[in-house]
Each structure stands twice: as C-alpha cells, then as structure tokens.
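Given next are the chains, with one letter for each unit.
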Amino acid sequence: MSTAVVTDSTTSLSPQLRSEHGITAVPLRVVVNGRDRAEDDADIDWVVDGLRRKADISTSRPSPLTFLRAYEQAAKGGADAIVSVHLSSSLSGTVDSARSAALESPVPVHVVDSRTIGMAVGLAAIGMAVGLVQYLVMRRSTLGDAGHEVTVAAVASGDPGTWMGLPLHRVS
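Residues numbered from 1 in each chain as written. Predicted model: local features only at pLDDT ≥ 70, side-chain atom pairs only at ≥ 80, totals over all residues. Heavy atoms only, no water.

Observations regarding the overall build of the protein chain
Note the following rule: Starting at the N terminus, helices and strands are each numbered in turn, a helix being any DSSP run of H or I of at least four residues and a strand any DSSP run of E of at least two. Burial here depends on accessible area, computed with a 1.4 Å probe over protein chains only, as a share of the maximum for the residue type. Under 20% is buried, over 50% is exposed, and the range in between is partly exposed. To measure how exposed things are, a 1.4 Å probe is used in the Shrake-Rupley method; for residues, cover is taken only from the protein chains shown.
If you tally the helices and strands in the protein chain, you get five helices and 10 strands. Counting the 172 residues in the protein chain, one finds 40% classified as buried. Taken as a whole, the protein chain presents about 9300 Å² of accessible surface, with 52% of it coming from carbon and sulfur.

Here's the deal with the nonpolar core
Counted only if it meets this: What is meant by a nonpolar core is a set of buried Ala, Val, Leu, Ile, Met, Phe, Trp, Tyr and Cys residues, joined one to another through side-chain atoms within 4.5 Å. Contacts: residue pairs with any heavy atoms within 4.5 Å of one another.
Phe67, Tyr71, Ile82, Val109 and Val111 are the most contacted members of the largest nonpolar core, which has 17 residues in total. Listed by contribution, the elements that provide at least two residues to this core are β1 (3-8), α3 (64-76), α4 (94-102) and β7 (109-113). With five residues, the top contributor of residues to this core is α3. Those residues within four positions of phenylalanine 67 in sequence are excluded, and the remaining contacts are Val26, Pro62, Ser84, His86, Thr94, Ser97, Ala98 and Ala101. Residues Leu13, Val112, Val121 and Ile126 belong to the second largest nonpolar core, which totals 10 residues.

Here we look at the environment of proline 27
Within the fold, proline 27 resides in the loop between β2 (23-26) and β3 (29-32). Considered as a pair, proline 27 and threonine 10 are 17 residues apart in the sequence and their alpha carbons are 7.9 Å apart.

A few points about the sheet that holds strand β5 (residues 57-60)
We apply this condition: Any two strands between which DSSP finds at least two bridges are classified as paired. Note on method: axes are straight lines fitted to C-alpha atoms, helices fitted across the in-contact stretch only, with angles between N-to-C directions ranging 0 to 180 degrees.
The strand order β4-β3-β5 describes an open sheet built from three strands, whose pairing is antiparallel. The open sheet terminates on both sides in strands that have one partner only, identified here as β4 (35-38) and β5. Pairwise comparison of adjacent strand axes, ignoring direction, gives a mean angle of 25° for this sheet. Relative to β5, β3 is paired through four bridges, and the arrangement is antiparallel. By the bridge assignment, valine 32 is partnered in β5 with isoleucine 57. Most of the contacts of helix α2 (residues 44-52) go to β3, to which it runs at about 40°, and overall it touches β3, β4 and β5.

Points about α2
We count it as follows: What the arc describes is the spread of directions from the helix axis to the C-beta atoms.
Regarding α2, the residues found buried are Trp46, Val47 and Gly50. When α2 is viewed along its axis, its buried side chains cluster within an angular range of 95° and face the same direction. Exposed side chains of α2 directed beyond 90 degrees from the buried face belong to Ile44, Asp45, Leu51 and Arg52. Turning to α2, the residues buried within the fold contact β3, β4 and β5. Looking one or two residues past α2, lysine 54 carries a phi angle of roughly 55°, positive in sign.

Some words on the environment of valine 6
Structurally, the position occupied by valine 6 is in strand β1. Taking the C-alpha atoms as reference, valine 6 lies 9.2 Å from valine 111; in sequence the two are 105 residues apart. If near-sequence neighbours (up to four positions away) are discounted, valine 6 is found in contact with Thr24, Val26, Tyr71, Ile82, Val83, Ser84, Val85 and His86.

Shown next, in the form of structure tokens:
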C-alpha cells in the first residue's frame, strides 16, 4: 500500500526536500500586473522587480484540473491513496480546488485544510511523507450531514507528548 503526498507551492519546501520525500507540489499562480505564471517557474527577479515598481501583485489558486493531473500522476506512479495538504482555506481557495479534483481522482484523496501557512504546511507534508502522521477516521453521526466522513490527522512534533491536530476532509 502506497500513499502519495501532494501539497502546494506555498509550503516553501525546496525541490531537494520535495524530491527526497517524494512530495508533489502543485504551484499557485503569481499575477504581476495581470501577467500570471506558475509560482514554481516564476523567477524571483520577476516578482522582486514588480515589487520595486509597486506593481499590482497577487496570487491565484491552482485549478482543479492542475490538482487532478497531480493525482493522476501519483496513481500512475503506484499510489493507491493520496494525502493532499494545503494552506488555510481562510486565505485561499486552494483547498476547494483540491477537493473538486479529488472527486475525479482515480484513487482516494484525503484533502487537508491545514488552517495554517508556509513552512508549517511543509513540515506537515514531510511528516506525512515519512510516516509521522497517524490517521484517525471517525464517522460523523447521522445528525447533520448523514454519510459525510470526517478524518483527523495528528502530526507528531519533536516532543512525543505534543500533537498538532489537522482536520481533514475525506473524499470516498
């Protein structure tokens, strides 16, 4: 049984760390004065130049199709499940795109709304990739959303007595 880990480019994980841990990063889009590029191929000079010129700079979430391609690639690589961990849904629509793509994925995808940003998401992705994450699956009671499953991940920190809970949305 093989589980792939997919995240987004906001994690600040270097290509070396992603490669070392088998993590796929789906790039957000960087938009400078209406011109957009994938964050992973947007050279830093282009963005820094935009900042110096006081250009209008923003980011945009990846499309569901971009996530679906990453999920399909993971399945072709032998994954029979995927954990997809992303920056907080209160800051970006990235989690929504991942959830939409998960519905079409050839293998089950567990989408994690980390409720955080940056390297904290990256460290959670690394933890998942190296097996420091334990998944506790609980079925929500029939009150409310009948049949909807809720999954919770507990990520071990350096202190064995400390765990950081991450809510997951399980797509069956």
